[in-house]
Amino acid sequence: MRIATFNINGIKARLPRLIEWLEETQPDIACLQEIKTSDDSFPIKDIEGAGYGALWHGQKGFNGVAILARGEQPVEILRGLPGEAEDEHSRYLEADAKGVRVASIYLPNGNPCPGPKFDYKLRWMKRLRDRAAAIWAEEVPTILAGDYNVIPYDRDVYATQAMQDDALMQPESRTAYRAMLGDGWTDALASIHPAGGVWTYWDYQAGAWPRNAGFRIDHLLLSPVAADRLVTAQVDKDHRGREKASDHAPVWVELRD
DNA sequence: ATGGCTTTAAAATAAAGA
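Not measured: the values here are computed from a predicted model. (Residues numbered from 1 in each chain as written. Chains lettered and ligands numbered in written order. Predicted model: local features only at pLDDT ≥ 70, side-chain atom pairs only at ≥ 80, totals over all residues. Heavy atoms only, no water.)

**Side note on the packing of helix H3 (residues 116-138) against helix H4 (residues 171-182)**
Here is step 1: Across the interface, H3 lies against H4 with an axial gap of 10 Å and an inter-helix angle of 5 degrees. For the element pair H3 / H4, the angle class is roughly parallel. Across from Phe-118, Lys-121, Leu-122, Met-125, Leu-128, Arg-129 and Ala-132 in H3, the residues of H4 making contact are Glu-172, Ser-173, Ala-176, Tyr-177, Ala-179 and Met-180.
Here is step 2: Across the contact of H3 with H4, the residue classes tally to 9 nonpolar, 1 polar and 3 charged. (Axes fitted to C-alpha atoms, helices over the stretch in contact; angles between N-to-C directions. Helix = DSSP H or I, 4+ residues; strand = E, 2+ residues; numbered from the N terminus. Parallel < 35°, antiparallel > 145°, perpendicular 65-115°, else oblique. Contact = heavy atoms within 4.5 Å. Nonpolar A, V, L, I, M, F, W, Y, C, P; charged D, E, K, R; others polar.)

**Concerning the side chain of Asp-166**
Here is step 1: By secondary structure assignment, the location of Asp-166 is in the loop between strand S8 (142-147) and H4.
Here is step 2: Beyond its immediate sequence surroundings of up to four residues, Asp-166 is in contact with Asn-111 and Cys-113.

**Overview of the protein's contact with DNA strand B**
Here is step 1: Neighbouring residues of DNA strand B: 26 residues in total, closest Glu-34, Asn-109, Asp-203, Gln-205 and Phe-215.
Here is step 2: Take the atoms of DNA strand B that sit within 4 Å of the protein: sugar and phosphate atoms are 74% of them.
Here is step 3: The backbone of Ala-13 places a nitrogen or oxygen atom 3.2 Å from a phosphate oxygen of DNA strand B.
Here is step 4: Between Asp-203 and DNA strand B, the recorded distance is 2.5 Å, taken from a side-chain N or O atom to a base nitrogen.
Here is step 5: The biggest single contributor to the surface near DNA strand B is helix H1 (residues 11-25), with 3 residues.
Here is step 6: Tallied by class, residues from the surface near DNA strand B come to 7 nonpolar, 9 polar and 10 charged. (Near = heavy atom within 4 Å. Polar contact = N/O pair within 3.5 Å; in protein donor to acceptor, adjacent residues only side chain to side chain.)

**A look at the side chain of Arg-240**
Here is step 1: With respect to the helices and strands, the residue Arg-240 is situated in the loop between strand S13 (230-235) and strand S14 (251-255).
Here is step 2: For the buried residue Arg-240, which engages in no salt bridge, the nearest side chain bearing the opposite charge is Asp-247, 6.2 Å off.
Here is step 3: For Arg-240, the side chain forms a polar contact with the main-chain oxygen of Ser-246, separated by 3.4 Å.
Here is step 4: Ignoring sequence-local partners within four residues, the contact set of Arg-240 consists of Trp-202, Asp-203, Tyr-204, Trp-209, Ala-245, Ser-246, Asp-247, His-248 and Ala-249. (Buried < 20%, exposed > 50% of the residue type's maximum accessible area, 1.4 Å probe, protein only. Lys, Arg positive; Asp, Glu negative; His and termini not counted. Salt bridge = Lys/Arg side-chain N within 4 Å of Asp/Glu carboxyl O.)

**Side note on the pattern of salt bridges**
Here is step 1: The tally for this structure, following the rule as stated, stands at 20 salt bridges.
Here is step 2: The salt bridge involving Arg-101 is made with Asp-96; its shortest N-O contact spans 2.5 Å.
Here is step 3: Taking the relative accessible area as the measure of exposure, Arg-101 reaches 4% and is therefore buried.
Here is step 4: Of the charged contacts, one joins Asp-187 and Arg-216 as a salt bridge, the two residues approaching to 3.0 Å between their closest N and O atoms.

**Points about the sheet that holds strand S5 (residues 75-79)**
Here is step 1: The strand order across the open sheet built from 6 strands is S5-S6-S7-S8-S12-S9, with neighbouring strands paired in mixed fashion. Both edges of this open sheet fall to S5 and strand S9 (186-187), since each of them pairs with a single strand only.
Here is step 2: As defined by bridge partners, S9 adjoins strand S12 (residues 218-222) across 2 bridges and the pair is classed as antiparallel. If you follow Asp-187 over to S12, its bridge partner there is Leu-221.
Here is step 3: H4 contacts S8, S9 and S12 of the sheet and is inclined by roughly 25 degrees relative to S12. (Pairing = 2+ DSSP bridges.)

**Some remarks on unusual backbone geometry**
Here is step 1: A cis amide bond links Asn-111 with the next residue in sequence, Pro-112, at an omega value of -5 degrees.
Here is step 2: Within the element layout of this structure, Pro-112 appears in the loop between strand S7 (100-106) and H3.
Here is step 3: With omega at 0 degrees, the peptide bond leading from Cys-113 into Pro-114 counts as cis.
Here is step 4: The residue Pro-114 is located in the loop between S7 and H3 in this model.
Here is step 5: Positive phi, close to 45 degrees, is recorded for Gln-26, a residue that is not glycine.
Here is step 6: Counting through the fold element by element, Gln-26 comes out in the loop between H1 and strand S2 (29-33).

Distances and angles like these do not, on their own, reveal function.
Following this line, the structure appears as structure tokens:
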């Protein structure tokens with residue numbers, strides 16, 4: 001079973017690329033981030049036409065997450081991350097599909113830092129860790145997939161100096177991410193590629209793609225039961241090089257049935 | 001680089017991203 005995460009940077013602008021990717025790679029579950037559309041304009045007909053059922057949690061203009069399941073309607077578990085009533089950003093959606101629990105996560109960027117946006121990022125990471133612990137207690141095979149906006153280690157960025165002052169690799173961001181690993185969650189891509197040098201994002205600017213100046217910020221965290229089933233984890237890198245591509249590439253895990 | 005592109009919303013610029 002293949003479970004993928006893909007920050008598509010606008011589902012309207014990316015729709016032909018998204019459908020193409022679904023048809024080519026046929027993930028069983030796809031978690032999308034930055035759909036950047038309100039709920040009423042989500043292109044559900046096109047998604048269904050590609051053979052997928054879907055849940056979505058949209059927002060006008062930015063943010064927005066979705067969960068797609070091939071030939072199946074995902075069952076919604078939670079919409080929005082608990083712990084901060086005044087948080088109106090659409091960044092979290094959780095569902096059951098294909099016998100597993102899955103969350104689609106769009107973690108706040110946090111720039112500029114320091115500042116209120118960075119504070120919000122750290123609070124959000126605490127809330128995510130709390131929610132992850134609650135799911136853990138349910139003992140269901142779980143995949144927490146999405147754009148975490150965290151570069152976990154120096155080996156996950158093309159040049160540490162370029163991102164030194166960025167929210168994505170501040171010690172506080174890394175500590176919060178690693179705390180979840182310490183809780184027992186497995187970073188699937190890192191476990192398959194321990195040497196690093198695997199990117200999931202390349203900036204549109206400054207020729208980042210042609211010179212392969214990227215970093216790794218899209219992650220799939222597996223609960224122990226899911227990690228026991230891990231076969232491989234990869235990046236659909238070639239999709240980043242296509243016409244009108246997202247600045248992220250899809251990332252996926254293969255789990256034993 | 002004081003964001004060098006890109007998307008969205010919306011009508012020319014501005015916000016947001018990472």
